[in-house]
Amino acid sequence: MKDLNQQNITIPEGRVEARDKVTGKGKYAAEYAVDKMCYAVLVGSTVPSGKIKNIDLSKAKQVKSVLGFVSHLEKPAVPGFATEALMKESRFGLPVFHTDTIYFKGQPVVLVMAETLEDATYAASLVEVQYEKTKFNVDFDSTYAQIPLHEAGKERGNLESWQDAPHVVEAEYEIKTEVHHPMEMHATIAAWTGTDHLKLYDKTQGVNNVQQVIAPLFNLKKEQVEVMSEFVGGGFGSGLRVWPHVLATVMAAKQVGRPVKLMLTRPQMFIGTGYRPASWQKIKLGADDQGKFMGIHHQARNETSLYERFSDQITRITRLIYDFEHLKTEDALVPLNINAATWMRGPGDCTGDFAVECAIDELSYKLNMDPVAIRAKNIAVTHHPDSKLPWSSNYLVDCMNLGAQRIGWEKRNPQPTSMQDGDWYIGYGMSVGMWNAGRNKTSAAIKMKKDGSLIIQTAMTDIGTGTGTGMKNIAHEITGIPKNKITIELGHSNLPPAPSQGGSTGMSSVSGAVVEAVRLLKEKLLAYAAKQDQRFKDVQEDVLVLSETGLSLKNDTTATIPLDTLWKQNNLDELVVEATSGPGEERKKYAFCSSAAHFCQVRVNVKTGKIMVTKMVCVADGGKIVNEKAAANQMSGAAVGGIGMALMEERLLDTRIGGAIADDLAGYHFPVNADAPIIDVSFIGKADPNINPTGAKGLGEVGIIGTAAAIANAIYNATGKRLRSLPITPDKILS
């Protein structure tokens, strides 16, 4: 069969990596073939708390192809863990294979290496570990009330001034633990190519982050650790950390003197790569007769591990959206015998937004006021409520108005249980979400070839959000070079350094680097062109027009230089530039935010308790939309994650045995296509004038922040039941 490029057909424009993914050319972390590679399997603790008394490897050693073991008794040296002080200084978290203390069930206690995965798996099943068991606790629900709250951020105004508000809502909210569960499970291949050079293929959202964490643990310079993560099958925050299994794989490769591959099983994903921590919240919200908010008191607690304290910063969102004159926020951490939590899908803000937006909805019913109108009256439109800096741009009210129009909000009857179709009650709900729009220091390089093609490089990993395609679109727009002549290279630590892809900062950060690299490229081209034609001397870069064949000037159409002439006259094979771009003084002058409004229609069966989300509208303000198709996919995917958060996702722990149950994709329910409608996504699309050269603000988080609250609010409108504990499952409807 002929290559598609040789056929007389038009190839539809899509993601830059699409063909590599669907043809199998693009490799994920576990798919690389490395010479002399062997396999590793983790053995997890069978108890949730205690000490290791003895490890018996005698049976496992009888498996023919076993190559070795790693445990706290038998391991290669990790200089960064040589002392307790160094362990703390590394801030790595779990000091895997450097302690005999058991903090949670499933904690790695032994790593088995063998020639084949089958032999490693079998040998791991033969490892026998004896423990001195100690008392454990994994029960968040019965523990959180015992943990005192502490101030989270400076109090604004005071609580006492609004305690007699004419309209008050006071309620508690709970969310169960949720696990990321990307389609691709976490995997690492580690190969020591010398005593002082390490090569890693790793599932991560940031190759430079892995490099910076692993290098000092082995007294290496970061350049001596090469990390590749070109393709990622979903991250959702699980790839923002360097987890113990990565270090374990590096240790194993050093132990056996060969490349080692370790891939987690689905049950190991439950206890190996983080989760959104279970939380409790309490909101007290007051308003006057006109619906103007008088004050809010937001309290929150989230679960955390014993060996590493993780705050999800749940109350942060309360300080962001609304102009509360009086505000107090408090939080606390609840240490348990569980593995470490981490950032997940709109971390913290997503959790806090559920409680705040549900409380506001409840207040709107008390006031007999439209939920859209009460929000519009109170949103901090002009300035950040905490810092008082003016918003560089904030179109959240526009998002609400457009969302209400697209869902048909006028069809909503505000009276609960008033809309019915047989056994199905119909309800409408809405909420809003917001995220501090960030930007990080990022580098990018451009190589221009003799044929006029461009190769654009950065170490940033595209986790499926379309970063590479966005970079190509930006480069095409500001150079004029056709898209089919632009190639993107990503996800390798040898490329120009970049931050991790997460927190809605990817496109905001890398876009500035691409723009600056193009500017430097044009500057170089002008310098060479000026040697041949004086009309190219002392002109600004934005006057230069590029094409795949030559250079010209906007203000003088007769001034042209063919590229082949430029290369030949200057004896060039290629031009290479590298640029770095990041936040600057604008951060002192303005506050930046992305936002979204979420609207939905639900149907609730009063006999079975079944909930169906039948319509969903998401309207976002993410600044300039660089790649609309990918942006819409990102928003709809995030909203589907919100459906899971609202209706089904829950990690189940047996408090008697201290471990996870139903720890696979059959036992952990998350939404599939049948659970979600076709989501109507729209964008305001106005470029932010100050955030970066392109005006793109980021969308990753706001697609989910607010979705669960909109669904819960719609369920109340349908049934008259105010359900404050997620997930909202049929049994809760029926009870």
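Structure's up top.
Reading the values: the criteria
- The residue numbering used here restarts from 1 in each chain and proceeds along that chain's sequence as written.
- Whole-chain, interface and lining totals are the exception, using all residues; otherwise, since this is a predicted model, local features are given only for residues with pLDDT of at least 70 and side-chain atom pairs are given and counted only at 80 or more.
- Derived side-chain values reflect all non-hydrogen atoms in the structure, with water molecules and hydrogen atoms excluded from consideration.
- Being paired, for any two strands, means DSSP has found at least two bridges between them.
- Only runs of H or I of at least four residues qualify as helices and only runs of E of at least two qualify as strands under DSSP, and these elements are numbered from the N terminus.
- Angular values range over 0 to 180 degrees, each being the angle between N-to-C directions of two axes fitted as lines to C-alpha atoms, with helices fitted over their stretch in contact.
- Working rule for contacts: check all heavy atoms of both residues, and any pair within 4.5 Å makes them a contact.
- The buried label applies to any residue whose accessible area, calculated with a 1.4 Å probe on protein chains only, is under 20% of its type's maximum; exposed applies above 50%, and partly exposed to all values in between.

Caption draft 1: Representation of the sheet that holds strand β22 (residues 550-553). Across the sheet, which stays open at both edges, the 3 strands sit in the order β21-β22-β23 with antiparallel pairing between neighbours. The sheet is open, and its two edges are formed by β21 (544-546) and β23 (556-562), each paired on a single side. Direction aside, the axes of adjacent strands within the sheet are offset by 25 degrees on average. In this sheet, β22 lies alongside β21 in antiparallel orientation, the contact comprising 3 bridges. Pairing of V545 across the sheet is with S552, part of β22. Contacting β21, β22 and β23, helix α12 (residues 506-532) crosses the sheet at an angle of about 100 degrees to β21.

Caption draft 2: How the structure looks around helix α5 (residues 207-217). Looking only at α5, the buried set comprises V207, N208, V210, Q211, I214, A215 and L217. In this structure, the buried residues of α5 make contact with α3 (84-90), β10 (197-202), β11 (225-228) and α6 (244-256). At the C-terminal side of α5, N219 shows a positive phi close to 55 degrees.

Caption draft 3: Broad picture of the pairing of strand β14 (residues 293-305). Here β14 lies mainly inside the structure; 12 of its 13 residues are buried. Sheet topology note: the strand β13 (residues 279-287)/β14 ladder contains 9 bridges and is antiparallel. Within β14, the position partnered with S279 by the bridge is N302. Between β13 and the antiparallel strand that follows it, β14, lie 5 residues; G291 among them carries a positive phi value of about 85 degrees. Where β14 meets strand β15 (residues 327-336), 10 bridges bridge the pair, whose relative direction is parallel. Bridge pairing links I296 to L327 in β15.

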